[in-house]
Amino acid sequence: MKNNDCLFCKIAEGSIPSSKVYEDEEMLVFKDIEPKAAVHLLAIPKVHFKLISEVDANQAEILKRMLTKIPDIAAKNGCENGYRLVINQGADAGQTVFHLHIHILGGQSLEW
Ligand code: 5GP
Ligand code: ZN
């Protein structure tokens, strides 16, 4: 379901442009606008779901399929030597966009 006020729903439907690197019927991967690493991609489900703490069984299946596809997408986009996956949850993690997204960070040696 779409949330009209959600930035990443708008990116998913294409009404806000993004630098897409991968798209299929249920997920989109695009470049982060303020990269925190040499490669910084964001993988989102096209359907709106908000928080990792609120994922239901159906959404967990979508996430599982996303995770299955990410290694190939990462390797094809400059992360052939490895990458870090991050999901921020809530204020202490600094979550700013409340449409669940997986950060893919790589393209360099990452400090912890
Ligand atoms: P969070 O802090 O919620 O885990 O991550 C949100 C991410 O979205 C941030 O890394 C931020 O740079 C990125 N971001 C925010 N607005 C936009 C945008 O309009 N386009 C793109 N491509 N990335 C965005
Ligand atoms: Zn959304």
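Refer to the structure above for everything that follows.
A brief look at the structure comes next.

Overview of the pattern of salt bridges
Scanning the model with the defined rule gives eight salt bridges in all. Across the salt bridge formed by Lys20 and Glu23, the nearest N and O atoms sit 3.4 Å from each other. Judged by its relative accessible area of 39%, Glu23 falls in the partly exposed class. Among the salt bridges present, the one from Glu26 reaches Arg65, with a minimum N-O distance of 2.6 Å. Of this pair, Glu26 sits in the loop between strand S1 (20–23) and strand S2 (27–31) while Arg65 sits in helix H2 (residues 57–75), placing them 39 residues apart in sequence. By relative accessible area, which is 14% here, Glu26 ends up buried. Through salt bridges with shared partners, a single network forms among Asp24, Glu26, Arg65 and Lys69.

Thoughts on the pairing of S1
Two faces, one strand: in a regular strand the side chains alternate between the faces of the sheet. Pairing between S1 and S2: three bridges, direction antiparallel. When the bridges of S2 are listed, Glu23 appears paired with Leu28. Count of turn residues in the S1/S2 antiparallel hairpin: three residues.

Rules and cut-offs
- Residues numbered from 1 in each chain as written.
- Chains lettered and ligands numbered in written order.
- Predicted model: local features only at pLDDT ≥ 70, side-chain atom pairs only at ≥ 80, totals over all residues.
- Heavy atoms only, no water.
- Salt bridge = Lys/Arg side-chain N within 4 Å of Asp/Glu carboxyl O.
- Buried < 20%, exposed > 50% of the residue type's maximum accessible area, 1.4 Å probe, protein only.
- Helix = DSSP H or I, 4+ residues; strand = E, 2+ residues; numbered from the N terminus.
- Pairing = 2+ DSSP bridges.

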